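Coordinate inspection notes
Listed below are the residues making up each chain.
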Amino acid sequence: IFNAGFRLSHFHHGNKNEIHLEPRITGSYFLNKVMSVKASFAQMNQYIHLLSNTGVGLPTDLWVPATSKVPSQKSWQAAFGLVTDIPSFASTLTLEGYYKKSRNIIAYREGASFLLVDNPDGANEITWENNITSGMGSSYGIELMAQRKAGKLSGWIGYTLSWTKLQFAELNFGKPFFAKYDRRHDLSIVGIYTISKRITLSATWVYGTGNAITLPQSTYPGLEHFDSGFDLYQQRTIEDYGSKNSFRMAPYHRLDVGIQFHKKKLRYERIWEVSVYNVYNRHNPYFYFIDNNNAQQQNVLKQVSLFPVLPSFSWSIKF
């Protein structure tokens, strides 16, 4: 089976117009009745940029458009996989590898932030395009999925092993570093058990490697020079950050469970659901901040978490 085509995309911003042809090809070859190999290739353009803060404090993700000064993102991706059915278990196994190359990715320049404005009246004078730098990125990895589509117990297990690296001439001394959302391990287990036509149990467990962020690794006293006609120096604390995004937040994981009550009507199906989010009340990190322990005169890394165990109730109709 072979499928080829293209998209024609157009983007307009101010005096800027971009028109791009985005080809894509997919194909699969059946080795026998239950096994096939597949491959795909696609070129893509994206006209909005994700700009992330990777330091300590409240995390901020901003979306900014491509402009006359900031070109659109361009990427291509190739994938190759193997798919096999197991009829006796009503299951499917999929193994796939991929590689993606991107360019015109943007990031903050060192020390720049859109949120630090000393004088709010002068905020309009700050041009965000002058506070960013452009670079490239690459992503690659393998994905494995086992899925059971029928029977009293259905669901899937999905696992991804991946790497995402970025490189900017003006950041990290031009050396590649891991992206904030680089996730080495990503695992999800979903189970659905049908007790009867009217009652269904479900559970989902997810696990992911923590985000890559930049933290100061050490501090030491230093002197800051003021050139005001006199040689003036002021003592200050110097922070050594090491390589960019070299620190990993704690891994993310949680368990969600639910029970659904179904009732089929003449023209629709009514569903009542009672569920619990984060059953074992995992304190997943939302962001870190550095606090000073005055008793021991030490800096302490502290974690802020959101969304503890949360019960919920819903009513829905399906038709």
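Quick note: structure is the one above.
This write-up is about the structure you can find in this document. Model, not experiment: these values are computed from the prediction. (Residues numbered from 1 in each chain as written. Predicted model: local features only at pLDDT ≥ 70, side-chain atom pairs only at ≥ 80, totals over all residues. Heavy atoms only, no water.)

Re the side chain of H262
Within the secondary structure layout, H262 lies in strand β17 (residues 252-264). Its relative accessible area of 14% is what places H262 among the buried residues. For H262, the side chain forms a polar contact with the side chain of E269, separated by 2.8 Å. With residues near it in sequence (within four places) discarded, H262 still touches K197, R198, T200, E269, R270 and I271. (Helix = DSSP H or I, 4+ residues; strand = E, 2+ residues; numbered from the N terminus. Buried < 20%, exposed > 50% of the residue type's maximum accessible area, 1.4 Å probe, protein only. Polar contact = N/O pair within 3.5 Å; in protein donor to acceptor, adjacent residues only side chain to side chain. Contact = heavy atoms within 4.5 Å.)

Regarding the pattern of salt bridges
Counted under the stated rule, the structure contains 14 salt bridges. One salt bridge in this structure joins E22 and R7, with 3.1 Å as the shortest N-O distance. Taken together, the residues E22 in strand β2 (residues 16-30) and R7 in strand β1 (residues 2-13) connect sequence positions 15 residues apart. For the salt bridge of E224 with R236, the shortest nitrogen-to-oxygen distance reads 3.8 Å. (Salt bridge = Lys/Arg side-chain N within 4 Å of Asp/Glu carboxyl O.)

Description of the layout of surface pockets
Approximately 410 Å³ is the volume found for the second largest pocket. As for the second largest pocket, its lining consists of 26 residues, of which N211, M249, Y252, P285 and Y286 are closest to the centre. Mapped onto the lining of the second largest pocket, the elements with two or more residues apiece are β17 and β19 (285-293). Per-element tally for the lining of the second largest pocket: the top contributor is β19, with 4 residues. Looking at the lining of the second largest pocket, its residues break down into 14 nonpolar, 8 polar and 4 charged. (1 Å grid on protein atoms, 1.4 Å probe; cavity = no way out; pocket = protein on both sides within 12 Å on 5 of 7 lines; lining within 4 Å. Points joined across faces, edges and corners; volume = space filled by probe spheres on them. Nonpolar A, V, L, I, M, F, W, Y, C, P; charged D, E, K, R; others polar.)

Remarks on unusual backbone geometry
With a phi angle near 55°, N172 is a residue other than glycine that sits in the positive phi range. Its location among the elements puts N172 in the loop between β9 (153-168) and β10 (177-178). Assessed through its relative accessible area of 11%, N172 is described here as buried. With phi around 55°, F307 is a residue other than glycine that occupies positive phi space. Looking at the secondary structure, you find F307 in the loop between β20 (298-305) and β21 (310-318).

What to know about the nonpolar core
Grouped together as the largest cluster of nonpolar side chains are 7 residues: I105, A107, L166, F168, L171, F177 and A179. Those elements that place two or more of their residues in this core are β7 (91-108) and β9. Once you skip the residues sitting within four places of it in the chain, L171 turns out to touch A107, Y108, R109, E110, T133, F177 and K244. The next biggest cluster of nonpolar side chains, apart from the first, holds 6 residues, and it includes L51, V64, V70 and I106. (Core = buried A, V, L, I, M, F, W, Y, C linked by side-chain atoms within 4.5 Å.)

Things to note about the pairing of β1
Where β1 meets β2, 12 bridges bridge the pair, whose relative direction is antiparallel. Looking at the pairing, S9 lines up with H20 of β2. Where β1 folds back onto β2 in an antiparallel hairpin, the turn is made up of 2 residues, including G14, whose phi is positive at roughly 60°. (Pairing = 2+ DSSP bridges.)

What to know about the side chain of S36
Considering the arrangement of structural elements, one finds S36 in strand β3 (residues 35-46). Those residues in contact with S36 that lie beyond four places of it in its chain are Y29, F30, L31, G81, L82 and V83.

Details of the packing of aromatic side chains
Scanning the entire structure with this criterion turns up 11 aromatic pairs. Consider the rings of W76 and Y99, whose centres lie 5.7 Å apart with planes at 45°: the pair is tilted. With a gap of 23 residues between them, W76 in strand β6 (residues 73-86) and Y99 in strand β7 connect regions that are remote in the sequence. On the basis of relative accessible area, W76 is assigned to the partly exposed category, the value being 33%. The exposure class of Y99 is partly exposed, given its relative accessible area of 31%. Put simply, the rings of F41, W76, Y99, Y140 and W163 touch in pairs and so form one group of aromatic residues. In this arrangement the basic side chain of R184 is found over the ring face of F178, its NZ or CZ atom lying 4.8 Å from the centre. One residue, K244, lies across the ring of F177, its end atom 5.9 Å from the ring centre. (Phe/Tyr/Trp six-rings, centres within 6.5 Å; stacked < 30°, edge-to-face > 60°. Lys NZ or Arg CZ within 6 Å of the ring centre and 35° of its normal.)

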